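Single-letter residue listing:
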Amino acid sequence: QVQLVESGGGLAQPGGSLRLSCAAAGFTFSNYFMSWARQTPGKGLEWVAGIHGDGSDTYYADSVKGRFTISRDNAKNTLYLQMNSLKPEDTATYHCAKARHVRIMCDKSVCWDFWGRGTQVTIFS
């Protein structure tokens, strides 16, 4: 019954911005650590950012720190990723992922139990 649906991807030029959204349903959204991860054919799956259920702490991969901001609106059951200063290396399919256990940080796929189908982000010169 869990559903995660990403949106907001598209084309952007280097230095540009995009805002991704993930609409969640089928579970108590505010109880779970949520993540954004990205996937490419060459590099595989890479964790990007995470946020605790109450939004008290956020975490970022070194490759995006200072450029991306993860946030959530628990009243709307929605997760966001604001992406600024985009680089060609950010090109990937971006997925929203739910942690398997309540109130536990999870920054790797082994502790995710659901993730969405993804939204494509392409950065080009």
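Preceding this section is the structure that the text describes.
Residue indices follow the written sequence of each chain, beginning from 1 at its first position. Residue-level local features of this predicted model are given only where pLDDT is at least 70; pairs of side-chain atoms are given and counted only at 80 or more, and the full residue set underlies all totals for whole chains, interfaces and linings. The side-chain values count all of the structure's non-hydrogen atoms but skip hydrogen atoms and water molecules.

**Student:** Any chance you could explain the pairing of strand 5 (residues 44–51) here in plain terms?
**Tutor:** Both faces of the sheet carry side chains from a regular strand, because those side chains alternate between them. At least two bridges found by DSSP between two strands is the condition for calling them paired. Elements are defined by DSSP. Helices are runs of H or I of four residues or more, strands are runs of E of two residues or more, and each kind is numbered from the N terminus. Looking at chain direction, strand 4 (residues 34–40) and strand 5 are connected through 7 bridges and run antiparallel. Paired with serine 35 across the strands is glycine 50, a residue of strand 5. With antiparallel pairing between neighbouring strands as the criterion, strand 4 and strand 5 make up a hairpin whose turn holds 3 residues. Note: strand 5 against strand 6 (residues 58–60), 3 bridges, orientation antiparallel. Paired with isoleucine 51 across the two strands is threonine 58, which belongs to strand 6.

**Student:** When you look at the nonpolar core in this model, what are you seeing that I'm missing?
**Tutor:** A general feature of soluble globular proteins is that nonpolar side chains tend to end up buried together. The criterion is simple. A nonpolar core is a set of buried Ala, Val, Leu, Ile, Met, Phe, Trp, Tyr and Cys residues joined through side-chain atoms within 4.5 Å. We call a residue buried when its accessible area falls under 20% of the maximum for its residue type, exposed when it is over 50%, and partly exposed in between, using a 1.4 Å probe and counting protein chains only. With 35 residues, the main nonpolar core has Met34, Trp36, Phe68, Leu79, Leu81, Met83 and Tyr94 as its most contacted residues. Residue assignment for this core shows that the elements contributing at least two residues are strand 3 (18–25), strand 4, strand 5, strand 7 (68–73), strand 8 (78–83), strand 9 (92–99) and strand 11 (119–123). The leading source of residues in this core is strand 9, at 5 residues. If sequence neighbours within four positions are ignored, tyrosine 94 has contacts with Glu6, Leu20, Trp36, Ala37, Arg38, Val48, Phe68, Leu81, Met83, Gly118, Thr119 and Val121. Whether two residues are in contact is decided by their heavy atoms: any pair within 4.5 Å suffices.

**Student:** Would you explain unusual backbone geometry in this entry?
**Tutor:** The phi angle of most residues is negative, glycine excepted, and most peptide bonds adopt the trans form. For asparagine 77, which is not glycine, the phi torsion reads 50° and is therefore positive. Its place among the elements puts asparagine 77 in the loop between strand 7 and strand 8. On the basis of relative accessible area, asparagine 77 is assigned to the partly exposed category, the value being 25%. Phi angles above zero are rare outside glycine, and arginine 103 is one such case at about 55°. Residue placement: arginine 103 occurs in the loop between strand 9 and strand 10 (112–115).

**Student:** What should I look at first to understand the packing of aromatic side chains in this one?
**Tutor:** Within a pair of aromatic rings, the relevant descriptors are the distance that separates the centres and the angle that separates the planes. Stacked, tilted and edge-to-face are the three classes applied to pairs of Phe, Tyr and Trp rings, where Trp contributes its six-membered ring and a pair requires centres within 6.5 Å; stacked means planes under 30 degrees apart, edge-to-face means over 60, and tilted covers the rest. Across all of its chains, the model carries 4 aromatic pairs by this definition. On the numbers, 6.1 Å between centres and 55° between planes, the contact of phenylalanine 27 with phenylalanine 29 is tilted. Side by side, phenylalanine 27 and phenylalanine 29 carry an identical accessibility label, which is buried. Ring plane angle 85° and centroid distance 5.6 Å describe the contact between phenylalanine 27 and tyrosine 32, whose orientation is recorded as edge-to-face. Put simply, the rings of Phe27, Phe29 and Tyr32 pair up and form one aromatic cluster. Criterion for a charge above a ring: Arg CZ or Lys NZ at most 6 Å from the ring centre, at most 35 degrees from the ring normal. Directly above the aromatic system of tyrosine 32 lies the positively charged group of lysine 98, at a separation of 3.8 Å from the ring centroid.

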